[in-house]
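# Examination of the molecular architecture
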Amino acid sequence: MPRNTNQPVTPGAGNALDNLKFEIANELGITDYANIDKGSLPSRVNGYVGGNMTKKLVAFAEQALQNGAIGQIVQSAQLETPQTNQ
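Described in the following lines is the structure provided in the data block.

### Examining the overall build of the protein
Scanning the protein from terminus to terminus reveals 3 helices and 0 strands. In sequence order, the secondary structure elements of the protein are arranged as α-α-α. Per-residue burial for the protein yields a buried fraction of 9% across its 86 residues. Contacts in the protein between residues at least 24 apart in sequence constitute 50% of all its contacts with a sequence separation of at least 6. On the protein, roughly 7,300 Å² of surface is accessible, and the fraction owed to carbon and sulfur atoms is 52%.

### With respect to the environment of L28
Considering the arrangement of structural elements, one finds L28 in the loop between α1 (14–27) and α2 (43–66). For the pair L28 and V45, spaced 17 residues apart in the sequence, the C-alpha separation amounts to 9.3 Å. Look past the residues within four positions of L28 in its chain and what remains in contact with it is Y48, V49 and N52.

### Concerning the pattern of salt bridges
Tallying each qualifying case throughout the model produces 3 salt bridges. The partner of K21 in a salt bridge is D18, with the nearest N and O atoms 3.5 Å apart. Residue K21 and its partner D18 are both found in helix α1; the two are separated by 3 residues, about one turn of the helix. Using a relative accessible area of 30% as the deciding quantity, one classes D18 as partly exposed. With a closest N to O distance of 3.5 Å, K56 and E23 form a salt bridge. On the criterion of sequence distance, the pair formed by K56 in helix α2 and E23 in helix α1 is long-range, its members being 33 residues apart.

Each value, and the rule that gives it
- Residues numbered from 1 in each chain as written.
- Predicted model: local features only at pLDDT ≥ 70, side-chain atom pairs only at ≥ 80, totals over all residues.
- Heavy atoms only, no water.
- Helix = DSSP H or I, 4+ residues; strand = E, 2+ residues; numbered from the N terminus.
- Buried < 20%, exposed > 50% of the residue type's maximum accessible area, 1.4 Å probe, protein only.
- Contact = heavy atoms within 4.5 Å.
- Areas by Shrake-Rupley, 256 points an atom, 1.4 Å probe, with all protein chains shown as cover.
- Salt bridge = Lys/Arg side-chain N within 4 Å of Asp/Glu carboxyl O.

Okay, here's the thing in structure tokens:
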């Protein structure tokens, strides 16, 4: 059973995020990333994949903002409200 319990912010985006992860791993020269035991890889390698995913997702959002799609971005991104200590 996987230990990762993270859920995508947008329901149904999990498959697209997985595809992006595998595409980026392939671009980085990591073949068959979908079937590799991620625990056997150095954390730096997994970090490269996650970091490049973040870069690409930010680039997509910046492009959407530039093209005037701010409504879609705001609607799809749930904002966290800061918790205050009382």
